[in-house]
Amino acid sequence: MYSHHFGLSQDPFSIAPDPRYLFMSERHREALAHLLYGVAGTDSSAGGTGGGFVLLTGDIGTGKTTICRCFMEQIPAGCHVAYIFNPRLTVTELLQSVCEEFHITVATVASGPPTLKNYIDALNAFLLQSHAAGHSSVLIIDEAQNLSADVLEQLRLLTNLETNERKLLQIVLIGQPELRAMLARPELEQLAQRVIARFHLDALSEAESAQYIRHRLDVAGHTGPLPFDRQALRRIHRRARGVPRRINLLCGRALLGAWANGLHRVDRKMVNKAAAEVFGLEAGPVPGAGPRAAAYALGGLALLAGAALAGFWVLAPSQKTAPSSPAAASALPAASAPRAGAASPVRKGAPAPNPAEEIEALLPQLPGDINVAWRELAPAWKLPAAGGDPCQAASAQQLQCYRTETLTVPLLRQLGRPGILTLHVPNGPPVYAVLVGLGEQTATLQVASGLHAVRLVPLVRLWRGGFATYWRPPPGYVAGLQGGSTGPVIERLASQLTLLDGAPAATAPAVLDATLKARVRAFQRAHGLNPDGQPGPMTFMQIDSATNVDAPRLQTSPQPAREAR
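Residues numbered from 1 in each chain as written. Predicted model: local features only at pLDDT ≥ 70, side-chain atom pairs only at ≥ 80, totals over all residues. Heavy atoms only, no water.

Further remarks concern the environment of Leu399. Summarising the element assignment, Leu399 is placed in the loop between helix H16 (390-395) and strand E6 (400-404). For the pair Leu399 and Pro473, spaced 74 residues apart in sequence, the C-alpha separation works out to 7.0 Å. Not counting chain neighbours up to four residues away, the residues in contact with Leu399 comprise Trp381, Leu383, Ala394, Trp471 and Arg472. (Helix = DSSP H or I, 4+ residues; strand = E, 2+ residues; numbered from the N terminus. Contact = heavy atoms within 4.5 Å.)

Structure, rendered in structure tokens:
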């Protein structure tokens with residue numbers, strides 16, 4: 001998840017109606033005040049009415065349910081509350097639900113199920129008893145626009161339950177704007193006359209949208225400047241139309257995109273791509289973008305959603321290696337010597353890809369034995385795909401097998417080399433997919449039938465970070481290089497870092513001392529690795545990628561499905 005990346009203790013843009021995240025704009029404060037006024041007793045300091053209907057309406061996602069939860073938390077002690085969130089009920093079902101919410105026991109009837117009169121008599125007895133004890137009762141109905149006319153009429157009749165001093169039941173109706181239109185119908189005029197407080201919740205203004213975003217980030221533990229620049233905030237308000245729920249969806253997806261690209265700030269372009277992914281065609285074309293860019297924006301952050309669903313981000317990946325055989329750890333000749341595994345350049349001018357496939361359709365073709373996948377991967381390194389132990393065969397060509405369980409999609413992109421993904425199939429053993437290409441929205445897999453472009457989101461839902469690939473260690477490399485180590489591997493490490501960090505070339509022999517370890521840590525930190533200063537396989541592979549060492553590379557554009565010949 002992106003929470004750790006931005007220093008957050010939890011997801012600030014969940015769409016769950018958590019009252020802790022309630023942003024009290026002027027409209028929201030007024031809406032809450034209307035609810036509290038409507039249910040306050042006539043003898044309370046709020047100066048309420050002590051009965052009737054209270055009406056709160058607003059467009060989808062404007063925060064009605066969240067305000068309702070906040071309102072329920074502020075209802076004083078001695079007030080019984082019944083909350084109905086699924087109002088698609090018959091009259092009998094409604095009364096049954098109300099009695100259940102108030103924990104009212106309805107007398108059983110020998111001749112059959114309880115009747116309307118049984119429910120109403122039990123409810124009336126409960127309300128009178130509560131009133132005698134100095135308690136009040138509130139019925140809250142969410143999504144009230146779904147109430148039928150006969151149920152609304154029964155609710156009106158419930159407000160006839162009263163004493164000489166006050167109504168015994170206060171009813172709060174919360175719903176979408178069509179609820180107001182329903183109550184304006186002539187046949188519901190009697191109910192409309194009993195609405196003693198009503199409020200319509202509008203969308204946020206541009207300034208309020210920015211305040212809302214900052215508020216939610218603050219509650220989630222964020223400190224420092226906002227991770228959105230000014231133009232991004234404006235675009236969020238425009239795309240989300242000031243609706244809090246839409247703002248949550250858009251901000252969450254944009255932060256996910258920033259995390260996946262190793263960024264700490266969201267710009268307008270990233271917001272546009274996030275909007276296209278979250279809102280689809282409704283988001284409209286990205287300003288200044290042609291059809292090709294708009295098509296890319298339509299699924300721009302699909303891979304990031306998949307990474308969040310798979311739960312990849314917690315810590316930077318470790319450097320532990322898992323050679324498949326002892327022979328793979330032997331000393332190796334210089335990198336400049338002729339070798340297997342020359343780079344496989346990305347093909348130029350590839351034909352337009354076919355529509356991406358779903359990974360589920362390919363699962364039956366994927367091997368359950370990783371050795372089969374190693375052999376399918378071998379040709380990328382110009383290795384023979386012979387039988388036997390693939391890693392043993394690789395060691396004869398000065399290559400090693402590397403495996404990790406903690407890779408992330410951003411690191412996979414950064415590493416940029418073909419490899420094997422471990423996919424976890426529900427209710428089955430894992431299978432292995434050879435990854436040879438990674439685009440913005442698709443991944444290209446090499447399976448027995450040829451190359452297949454698959455949609456990235458469903459793929460990463462099955463991937464938990466398991467990755468394997470061949471790699472060529474520097475000359476003299478052994479696992480767990482100790483401080484004070486010297487030799488060709490340290491010389492190569494120092495010279496490559498010099499190319500990258502611009503430090504003066506050393507005249508003395510290189511030593512893995514505190515200074516060199518500090519340079520290693522700086523490189524690791526800049527590339528999202530565990531900054532332990534220990535040069536391991538992932539560090540060496542990332543350094544090779546950064547210095548353009550000749551090695552096979554992932555295709556970066558989608559490839560068409562191609563049958564094996």
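From this point, the discussion proceeds with the structure in view.
The tally for this structure, following the rule as stated, stands at eight salt bridges. The salt bridge involving Arg455 is made with Glu358; its shortest N-O contact spans 2.6 Å. Of this pair, Arg455 sits in strand E10 (residues 450-455) while Glu358 sits in the loop between helix H13 (302-310) and helix H14 (359-362), and the two are 97 residues apart along the sequence. Between Arg492 and Asp544 there is a salt bridge, with the nearest N and O atoms lying 3.2 Å from each other. Separated by 52 residues along the polypeptide, Arg492 in helix H19 (residues 488-501) and Asp544 in helix H21 (residues 537-546) bring together distant segments of the chain. (Salt bridge = Lys/Arg side-chain N within 4 Å of Asp/Glu carboxyl O.)

This part takes up the state of the cysteines. Two cysteines, two sulfur atoms, one covalent bond between them: this is a disulfide. Scanning all chains against the criterion turns up one disulfide. Covalent S-S linkage joins Cys391 and Cys401, the inter-sulfur distance amounting to 2.0 Å. Given an S-S torsion of about -110 degrees, the disulfide between Cys391 and Cys401 has left-handed geometry. Separated by ten residues along the polypeptide, Cys391 in helix H16 and Cys401 in strand E6 bring together distant segments of the chain. The pair Cys391 / Cys401 is uniform in exposure class, with both members buried. Distance from the sulfur of Cys68, which forms no disulfide, to the nearest cysteine sulfur (Cys70) is 9.9 Å. (Disulfide = S-S within 2.5 Å. Buried < 20%, exposed > 50% of the residue type's maximum accessible area, 1.4 Å probe, protein only.)

Looking now at the packing of aromatic side chains. Under the definition given, this model contains seven aromatic pairs. Note on Trp374 and Tyr470: the rings are 4.8 Å apart at their centroids and 55 degrees apart in plane angle, and the pair reads as tilted. Linking Trp374 in helix H15 (residues 370-377) with Tyr470 in strand E11 (residues 463-471), this pair joins segments that are 96 residues apart in sequence. Across this residue pair, the class does not change: Trp374 and Tyr470 are buried. Centre to centre, the rings of Tyr477 and Phe540 are 5.6 Å apart; their planes meet at 80 degrees, and the pair counts as edge-to-face. With Tyr477 in the loop between E11 and H19 and Phe540 in helix H21, this pair connects stretches of sequence that are 63 residues apart. The exposure class of Phe540 is buried, given its relative accessible area of 1%. Each residue in the set Trp374, Trp381 and Tyr470 is aromatic and connected to the rest through ring pairs, giving one cluster. The side chain of Arg246 reaches across the aromatic face of Phe279, ending 4.0 Å from its centre. (Phe/Tyr/Trp six-rings, centres within 6.5 Å; stacked < 30°, edge-to-face > 60°. Lys NZ or Arg CZ within 6 Å of the ring centre and 35° of its normal.)

Shape descriptors only; they carry no functional weight alone.
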